[in-house]
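So you can see what is in the structure, the chains are spelled out below.
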Amino acid sequence: MLAKRIIPCLDVQDGRVVKGTKFENIKDVGDPVELAKRYSELGADEVVLYDITASYEERNIFLEIVEQVGEQVHIPFTVGGGIRTVEDFRSVLNAGADKISINSAAVANPDLINQAAQKFGSQCVVLSIDAKEIDGEFRVFVKGGREDTGMNLIDWAKEGEDRGAGEIVLNAINTDGVKEGYDNQTLRLLGEQVSIPIVASGGAGSMEHFRDVFVEGKADAALAASVFHFNEIEIASLKQYLVEHQIPIRQG
C-alpha cells in the first residue's frame with residue numbers, strides 16, 4: 001500500500017493566509033511563505049496554496065508568492081486559483097510549483113484538463129472539486145463555493161479522470177472548518193468510481209479524523225488547515241499516531 005500523505009492547506013487572500021468555516025467567516029492566519037517553509041520543516045509531505053479569490057475576482061494568480069515559496073520549501077507544492085489557460089500552467093510551474101490545481105476554470109473549460117495533461121503530464125494536473133450536498137445529491141460548486149453548477153460530483157470526477165487529471169481533491173463544503181471529521185462516506189464512494197488518487201479536504205479536527213479518512217474514507221491523502229495553523233495538531237505527533245494505528249505514512 002502506498003504511503004498516505006499529510007498536506008497542510010494555505011488559503012491565500014490579499015497576500016495573507018486565511019481560514020474560515022464552510023468558506024465563510026474568514027480570519028487572518030499569517031504569511032504564506034513563512035507558513036509553507038515551517039510546514040516543510042515540520043515534516044509535511046506536501047503543501048497546497050489556494051488563491052481563494054482569484055477566480056471570483058477574475059484576476060491572475062500570485063506568481064511572486066509562488067516563486068518565494070519555491071525558494072523556501074523542499075517538498076512538493078500545489079498551487080490553485082486563477083488558473084485559466086495552458087500558459088497559466090506554464091507560468092506557475094516555471095515559478096516553482098510541482099502541481100497545478102484547477103476548479104472553476106475546469107468546469108468552464110473542461111478541455112483545459114486535456115490540454116494541460118498533454119502538455120505537462122497528468123501528474124501536474126489536480127482537479128479540485130468543491131462539493132455540497134443538495135437534496136441528497138452531491139453537486140459541484142465553483143467561484144469559491146459561491147455558485148452551484150448543478151453538476152453531479154461523481155460524473156464530473158469521472159470525466160476529469162478521463163480527460164487526464166492525475167489527482168482529485170474533494171473539498172466537502174458541508175464539513176469545511178467544522179472539525180467534526182471528513183466526509184468519509186462520499187470519499188469512499190468517489191474512490192470506488194475513479195482510479196486516480198483522492199485527497200480529502202474539509203473537516204479535520206482530531207488525529208482520529210485522519211485515521212478514519214484513511215481507513216473508512218480510503219483517501220490517499222488528507223488536506224487540512226485549521227488544526228495545523230492554530231497548532232492544535234503537530235504533524236510529527238500525527239504521523240506517529242498514524243504509524244501506531246498501522247497506517248503507512250512517509251517518515252521524514
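Quick caveat: nothing in here was measured; it's all calculated off a predicted structure. (Residues numbered from 1 in each chain as written. Predicted model: local features only at pLDDT ≥ 70, side-chain atom pairs only at ≥ 80, totals over all residues. Heavy atoms only, no water.)

Let's talk about the pairing of strand β5 (residues 77–80)
Alright, step 1. Side-chain alternation along β5 places Phe77 and Val79 on one buried face and Thr78 and Gly80 on a second face that is also buried.
Alright, step 2. Judged from the 4 bridges that link them, strand β4 (residues 47–51) and β5 form a sheet pairing that is parallel. Opposite Leu49, over in β5, you have Val79 as the bridge partner.
Alright, step 3. Pairing of β5 with strand β6 (residues 99–102), which is carried by 3 bridges, proceeds in the parallel orientation. The residue of β6 that forms the bridge with Thr78 is Lys99.
Alright, step 4. One crossover worth recording links β5 to the parallel β6 by way of helix α4 (residues 86–94), and it is right-handed. (Buried < 20%, exposed > 50% of the residue type's maximum accessible area, 1.4 Å probe, protein only. Helix = DSSP H or I, 4+ residues; strand = E, 2+ residues; numbered from the N terminus. Pairing = 2+ DSSP bridges. Right-handed = clockwise from strand over helix to strand, strands pointing away.)

A short note on the packing of aromatic side chains
Alright, step 1. Overall, the coordinates contain 4 aromatic pairs when judged by the stated rule.
Alright, step 2. Each residue in the set Tyr39, Tyr182, Phe210 and Phe228 is aromatic and connected to the rest through ring pairs, giving one cluster. (Phe/Tyr/Trp six-rings, centres within 6.5 Å; stacked < 30°, edge-to-face > 60°.)

Some remarks on the pairing of strand β8 (residues 137–142)
Alright, step 1. In terms of burial, β8 is a largely internal element, 5 of the 6 residues being buried.
Alright, step 2. In this structure, strand β7 (residues 125–134) lies alongside β8, joined through 5 bridges in antiparallel fashion. Bridging across to β8, Lys132 finds its partner in Arg139.
Alright, step 3. Note that β8 and strand β9 (residues 147–152) share 3 bridges and pair antiparallel. Considered in β9, the bridge of Phe141 is made with Asp148.
Alright, step 4. With antiparallel pairing between neighbouring strands as the criterion, β8 and β9 make up a hairpin whose turn holds 4 residues, including Lys143 at a positive phi of roughly 55 degrees.

Some details on helix α11 (residues 235–244)
Alright, step 1. Turning to α11, its buried residues number three or more, namely Ile235, Leu238, Lys239, Tyr241 and Leu242. Seen from one end, α11 has its buried residues packed into an arc of 160 degrees, which puts them on one side.
Alright, step 2. Two residues or fewer after α11 comes Gln246, characterised by a positive phi angle close to 60 degrees. (Arc of directions from axis to C-beta.)

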